[in-house]
Amino acid sequence: CADQFAVSYEISKQLLYTQELAQLRQEYMSNVTHELRTPLTTIYGYLNILRTYPPNMLQDSERSEMFSVMTDECHRLIRLITNLLLSVQVEQDDFPQKFHPAPIQLGEVVSQALRFMDRELKTKNIEVVTDIPADLSPVGGNSDLLYQVFQNLIANSIKFCNQKPKIEIVGREEDQTVVFYLS
């Protein structure tokens, strides 16, 4: 009887765990769908305006702004899809075998991420201040993954920038560890 209770208890725990995972998956898919649909809706709306309005109804500056917004939304979609693909790769069993760490200069990775986000930074008039010593020790890692990390950090900084639009990125070596601060 005690064995049946223990088995029943374990089955109940597994069922609850499976239900929680299903709920998390459903929420994740809902969020992903929303995040993909939003920029597509914007792009689609502007394309319809550009296609249906007579050319003389839109000024060049309005047309240029629409193309700029559509370009930004395309970059956003690329980031979202890259993140999705990356999350799938990280969850795969053979990911540790595929991960080949190499010495990476994080200052270069930050510069690349800032170049990619440049249009969004300029559009929102955000000042970026970097303080990353040229002789900062390299870290072992994957440059693509680290680029994605910094791109996400910068995108979040842009998203949550307050009234004084300024992002500071500081790299330091503390106790033989490379540390980065974003504020």
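Please refer to the structure placed before this passage.
Below or above, wherever it landed, is the structure these notes cover.

What counts and what doesn't
Residues numbered from 1 in each chain as written. Predicted model: local features only at pLDDT ≥ 70, side-chain atom pairs only at ≥ 80, totals over all residues. Heavy atoms only, no water. Helix = DSSP H or I, 4+ residues; strand = E, 2+ residues; numbered from the N terminus. Rg over C-alpha atoms; globule rule 2.2 N^0.38 Å. Buried < 20%, exposed > 50% of the residue type's maximum accessible area, 1.4 Å probe, protein only. Contact = heavy atoms within 4.5 Å. Areas by Shrake-Rupley, 256 points an atom, 1.4 Å probe, with all protein chains shown as cover. Lys, Arg positive; Asp, Glu negative; His and termini not counted. Charge placed at Lys NZ, Arg CZ, Asp CG, Glu CD. Patch = residues over 30% accessible without salt bridge, like charges linked within 9 Å, V, L, I, M, F, W, Y side chains within 5 Å. Salt bridge = Lys/Arg side-chain N within 4 Å of Asp/Glu carboxyl O. Pairing = 2+ DSSP bridges. Axes fitted to C-alpha atoms, helices over the stretch in contact; angles between N-to-C directions. Arc of directions from axis to C-beta. Parallel < 35°, antiparallel > 145°, perpendicular 65-115°, else oblique. Left-handed = near helix turned anticlockwise from the far one by under 90°. Nonpolar A, V, L, I, M, F, W, Y, C, P; charged D, E, K, R; others polar. Phe/Tyr/Trp six-rings, centres within 6.5 Å; stacked < 30°, edge-to-face > 60°. Expected span 1.5 Å × (residues − 1).

## Some remarks on the overall build of the protein
- Along its length, the protein carries 6 helices and 5 strands.
- Mapped from its N terminus to its C terminus, the protein presents α and β elements in the order α-α-α-β-α-α-β-β-α-β-β.
- For 183 residues, the compact-globule estimate of 2.2 N^0.38 gives 16 Å, and the protein exceeds it by more than 25% at 23 Å.
- By its C-alpha atoms, the protein is 85 × 50 × 35 Å across when sized along the principal axes.
- Of all 183 residues assigned to the protein, the portion counted as buried reaches 22%.
- The long-range share in the protein, meaning contacts at least 24 apart out of those at least 6 apart in sequence, stands at 75%.
- When the accessible surface of the protein is split by element, carbon and sulfur atoms take 56% of a total near 13200 Å².
- When the 16 basic and 24 acidic side-chain charges of the protein are each reduced to a single mean position, those positions are 9 Å apart.

## Things to note about a nonpolar patch on the surface
- On the surface, a cluster of nonpolar side chains totalling about 310 Å² of accessible area is made up of Tyr17, Leu21 and Leu24.
- Inspection of the secondary structure puts leucine 21 in helix H1 (residues 2-52).
- Relative accessible area serves as the criterion here: at 41%, leucine 21 is assigned to the partly exposed category.

## Observations concerning the sheet that holds strand S4 (residues 166-174)
- Spatial ordering of the open sheet is given by S2-S4-S5, a layout of 3 strands whose pairing is mixed. Looking at strand neighbours, the two that pair on one side only are strand S2 (127-131) and strand S5 (177-182), the edges of this open sheet. Within this sheet the neighbouring strands show an average axis-to-axis angle of 10 degrees, counted without direction.
- Pairing between S4 and S5: 6 bridges, direction antiparallel. Its bridge partner being in S5, arginine 172 is matched across the sheet by valine 179.

## Some thoughts on helix H4 (residues 106-116)
- Residues of H4 that are buried: Leu106, Val109, Val110, Ala113 and Leu114. One side of H4 carries all its buried residues, which in axial view fall inside an arc of 135 degrees. Facing away from the buried side of H4, by more than 90 degrees, are the exposed residues Glu108 and Arg115.

## Quick word on the packing of helix H2 (residues 60-91) against helix H6 (residues 143-159)
- Running from amino to carboxyl end, H2 crosses H6 at an angle of 135 degrees, the nearest separation of the two axes being 11 Å. Judged by the angle between their axes, H2 and H6 are oblique. Once H2 is placed against H6, the crossing between them reads as left-handed. Each of Arg79, Thr82, Asn83 and Leu86 in H2 lies in contact with H6, whose residues at this interface are Leu145, Gln148, Gln151, Asn152 and Ala155.
- Each residue belonging to the contact of H2 with H6 can be placed in one class, and the counts come to 3 nonpolar, 5 polar and 1 charged.

## Let's talk about the packing of aromatic side chains
- One pass over the structure, following the stated rule, counts 1 aromatic pair.
- Ring geometry for phenylalanine 150 versus phenylalanine 180: centroids 5.2 Å apart, planes at 70 degrees, classification edge-to-face. With a gap of 30 residues between them, phenylalanine 150 in helix H6 and phenylalanine 180 in strand S5 connect regions that are remote in the sequence. Neither residue differs from the other here; phenylalanine 150 and phenylalanine 180 are each classed as buried.

## Some points on H2
- The first and last C-alpha atoms of H2 sit 47 Å apart over 32 residues, in line with the 46 Å expected at 1.5 Å per residue.
- Within H2 the residues assigned to the buried category are Met66, Ser68, Val69, Met70, Asp72, Glu73, Leu77, Arg79 and Leu86.

## Digging into the environment of isoleucine 169
- Counting through the fold element by element, isoleucine 169 comes out in strand S4.
- Given a relative accessible area of 0%, isoleucine 169 falls into the buried group.
- Distance from isoleucine 169 to serine 183, taken between C-alpha atoms, is 6.8 Å for residues 14 residues apart in sequence.
- Beyond its immediate sequence surroundings of up to four residues, isoleucine 169 is in contact with Val110, Leu114, Val128, Val129, Thr130, Asp131, Ile132, Ile154, Phe180, Tyr181 and Leu182.

None of the figures reported here should be taken as evidence of function without further support.
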